[in-house]
Amino acid sequence: MQSSNGRPRGSGAGAERSAEHRAGHDQAHATVPGGLRYDDPWYDVLASGWGEPAGAGVPAAEPARRAGEARAAAAADVYLEVQRSAAFQEVRRRYRRFVVPGVLVFLAWYVTYVVTATTAPGLMARPVAGAVNVAMLAGLGQFLTTFLLAWAYARHARLRRDRAALELRWDTQELTRSAEGGAS
């Protein structure tokens, strides 16, 4: 039995069999353009297009594929046009105006917590009420600010960006349908 790359499988008939096999299949060790050898374990003889001259085995549906590529290129142009539009830039500006300061404030608060915990352990160990100390309150504050930030982000998105983004989405879909030449 043979694998798809021309190497024998199983025990075979010993050294004579493998010598016969190598002698009879010298083309299996030839090099194809691009430096790929046929005895490469990743080479599969059934893979179309490997080791074939340019243009060999071109499917008959080539014009249909080219038309599909043209429609895809037209759709890509639509997305580029939308990306350059003032409405899209406004949605991105609103997003950045919330996210950048929010991330910076949260990271500053987190780094302050970590630095304080490592440089001022006496301050963090100071009791506030019973067994609860400053470090525990600050750690719980991290969780609280995480949930607060998530709530504020969702609220900001709902009030300031979602409607404009949805309108952009519908406009983009309509432009894409018209660019592809169909109304589905």
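As the structure is a computational prediction, the values presented were derived from the model and not from experiment.

Scanning the protein chain from N- to C-terminus turns up five helices and two strands. Counting from the amino terminus, the protein chain carries its helices and strands in the arrangement α-α-α-α-β-β-α. Relative to its 184 residues, the protein chain shows a buried fraction of 15%. Taking all contacts inside the protein chain whose residues are at least 6 apart in sequence as the whole, residues at least 24 apart take part in 52%.

Before going further, it helps to spend a moment on a nonpolar patch on the surface. A grouping of Tyr110, Val111, Val114 and Val115 is seen on the molecular surface, where their side chains present a nonpolar patch of about 320 Å² in accessible area. Take Val115: it is sitting in helix H3 (residues 86–119). Using a relative accessible area of 41% as the deciding quantity, one classes Val115 as partly exposed.

Low pLDDT means the predicted coordinates in that region are not meant to be read closely. Per-residue confidence for the protein chain averages 76 on the pLDDT scale, and 59% of its residues sit at or above 70. Considering only residues more than four positions removed or in separate chains, one finds that residues 15–28, a stretch of pLDDT under 50, has nine contacts.

Conventions adopted
Residues numbered from 1 in each chain as written. Predicted model: local features only at pLDDT ≥ 70, side-chain atom pairs only at ≥ 80, totals over all residues. Heavy atoms only, no water. Helix = DSSP H or I, 4+ residues; strand = E, 2+ residues; numbered from the N terminus. Buried < 20%, exposed > 50% of the residue type's maximum accessible area, 1.4 Å probe, protein only. Contact = heavy atoms within 4.5 Å. Patch = residues over 30% accessible without salt bridge, like charges linked within 9 Å, V, L, I, M, F, W, Y side chains within 5 Å. Areas by Shrake-Rupley, 256 points an atom, 1.4 Å probe, with all protein chains shown as cover. Salt bridge = Lys/Arg side-chain N within 4 Å of Asp/Glu carboxyl O. pLDDT = per-residue confidence, 0-100.

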